[in-house]
Amino acid sequence: MKITVLGAGAWGTAFGQVLADAGNDVTMWAREPEIVQGIRDQHHNAVRLPSVKRLPENMTATGDRAEAVCGARIVVVAIAAQFARIALEPFKDLISENAIVVSLMKGIERNTGKRMDEVVREALALPAERFAAVSGPNLSKEIADRQPSATVVACEDIDVAHTVASACATEYFKTFVTTDVIGLEMCGSLKNVVALAVGMARGAGYGENTAAMIETRGLAELTALGEAAGANPRTFAGLAGVGDLIATCGSPLSRNYTFGSNLGKGMSVAEATAASSGVAEGVPTTDAVVALGRKFGVPTPLACAMSRVLDEGIPCAQMLAELFSADISEE
Ligand SMILES: NC(=O)C1=CN([C@@H]2O[C@H](COP(=O)(O)OP(=O)(O)OC[C@H]3O[C@@H](n4cnc5c(N)ncnc54)[C@H](OP(=O)(O)O)[C@@H]3O)[C@@H](O)[C@H]2O)C=CC1
Ligand SMILES: O=C(CO)COP(=O)(O)O
């Protein structure tokens, strides 16, 4: 089937290759003519995914919105989360009314506190049964190398989740399904804040114990916030939760981890932003998580501490100290 991917960033392009490997005809939409021309004519995305020397033959690209989505049964959105709403609005009347829209994005919209399922559905006036989210331990470069990996597809309609999961299943890319859209969205977005903190601790020179402490407390924080938002707590123990936390917090391939690591080594936020190879979604999402915590009455010490790092420049030792209150409490 024809599947269109909006956004030819690192993950959009790697996921496009997964879809092509699964036998679909894939059209990438990108705004830069250089990227469009590279994918269409040379089967290469030199800007965002240079490690793949030749993308599959059944993968092409266009910069024309109407041409991109015409006839697409599935439209995948892989745009930096803070720009998803504005980028999607021009597609509202172009996407077929039977098409399923799938989000790969992991972030919370900063000025509204909305998850990407909410943003995408609002921007495209989409009913719940036509929206799916894909999230898991999916570092794009490893999947572009076709290393064995797995992900989770969430849709309120489990049959639609199965349709999407079948469309992107390959020998190296295993897919699972769930109806817990909120849980999947919260896992993917909030683990980026944890990865910033772990990266910062690593960059500052701390070892395994410190990393494990931040990851475990971070998991407790994102599970509590997710549950308050309506998620199934079991989702947080799965691939999209603890699985993604392990991958993202343990790899320099993660932009969030690397951003944090650069802060830990002494870079300013502006310097770490300039050094980043792609969007570090945890940066704008951190304040949104703090606001969600306030809204739901859930303590978010990790997000609050990272917010002070990003907004006030507090050092790593202070960030770590702020994870815990002075009192001893039950775990
Ligand atoms: N990389 C990874 O390993 C994974 C990433 N994700 C998530 O997927 C999403 C995309 O990530 P990824 O592809 O890696 O990010 P990149 O930083 O590589 O690319 C970001 C994409 O967003 C596009 N974009 C930014 N602003 C706009 C705009 N105003 N209008 C249209 N397009 C815009 C960029 O286009 P342009 O090139 O023109 O700037 C680019 O295609 C993120 O939410 C990320 O968290 C999820 C799983 C894995
Ligand atoms: O979400 C990811 C892996 O699952 C990618 O993480 P980064 O966005 O930090 O690179």
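Bear in mind the structure is a predicted one, so any value in this text is a computation, not a measurement.

Caption draft 1: Structural context of the pattern of salt bridges. Under the counting rule described, the total for this entry stands at 15 salt bridges. Two residues, Arg202 and Glu208, come together in a salt bridge whose shortest N-O distance is 3.0 Å. The class of Glu208 is exposed, set by a relative accessible area of 58%. Salt bridges linked by common partners bring Arg85, Glu109, Lys114 and Glu122 together as one network.

Caption draft 2: Region of interest: helix H11 (residues 255–264). The buried count for H11 comes to eight of ten residues, which makes it a mostly enclosed element. All of the buried residues along H11 are Asn256, Tyr257, Phe259, Gly260, Ser261, Asn262, Leu263 and Gly264. Those residues of H11 that are buried are in contact with helix H8 (181–203), helix H10 (239–249), helix H12 (269–275), helix H13 (282–296) and helix H14 (301–312). The opening residue of H11 is Ser254, an N-cap whose side-chain oxygen sits 3.2 Å from the backbone nitrogen of Asn256. Looking one or two residues beyond H11, the residue adopting positive phi is Gly266, at roughly 115 degrees.

Caption draft 3: Layout of the site of ligand 2. The environment of ligand 2 is made up of Lys106, Gly136, Pro137, Asn138, Leu139, Lys191, Asp244, Thr248, Leu253, Ser254, Arg255 and Asn256. In this structure, an oxygen atom belonging to ligand 2 sits 3.0 Å away from a main-chain N or O atom of Gly136. The contact in question runs from an oxygen atom of ligand 2 to an N or O atom on the backbone of Asn138, over 2.9 Å. Isolated, ligand 2 exposes 300 Å² of accessible area, and the fraction of that covered by the protein chains is 92%. Looking at the shell around ligand 2 residue by residue, the classes come out as three nonpolar, five polar and four charged. Residues from two domains meet in the shell around ligand 2; each of domain 1 (2–179) and domain 2 (189–321) gives at least three.

Cut-off values and rules
- Residues numbered from 1 in each chain as written.
- Chains lettered and ligands numbered in written order.
- Predicted model: local features only at pLDDT ≥ 70, side-chain atom pairs only at ≥ 80, totals over all residues.
- Heavy atoms only, no water.
- Salt bridge = Lys/Arg side-chain N within 4 Å of Asp/Glu carboxyl O.
- Buried < 20%, exposed > 50% of the residue type's maximum accessible area, 1.4 Å probe, protein only.
- Helix = DSSP H or I, 4+ residues; strand = E, 2+ residues; numbered from the N terminus.
- Contact = heavy atoms within 4.5 Å.
- Polar contact = N/O pair within 3.5 Å; in protein donor to acceptor, adjacent residues only side chain to side chain.
- Near = heavy atom within 4 Å.
- Areas by Shrake-Rupley, 256 points an atom, 1.4 Å probe, with all protein chains shown as cover.
- Nonpolar A, V, L, I, M, F, W, Y, C, P; charged D, E, K, R; others polar.
- Domains from an automatic or database assignment.

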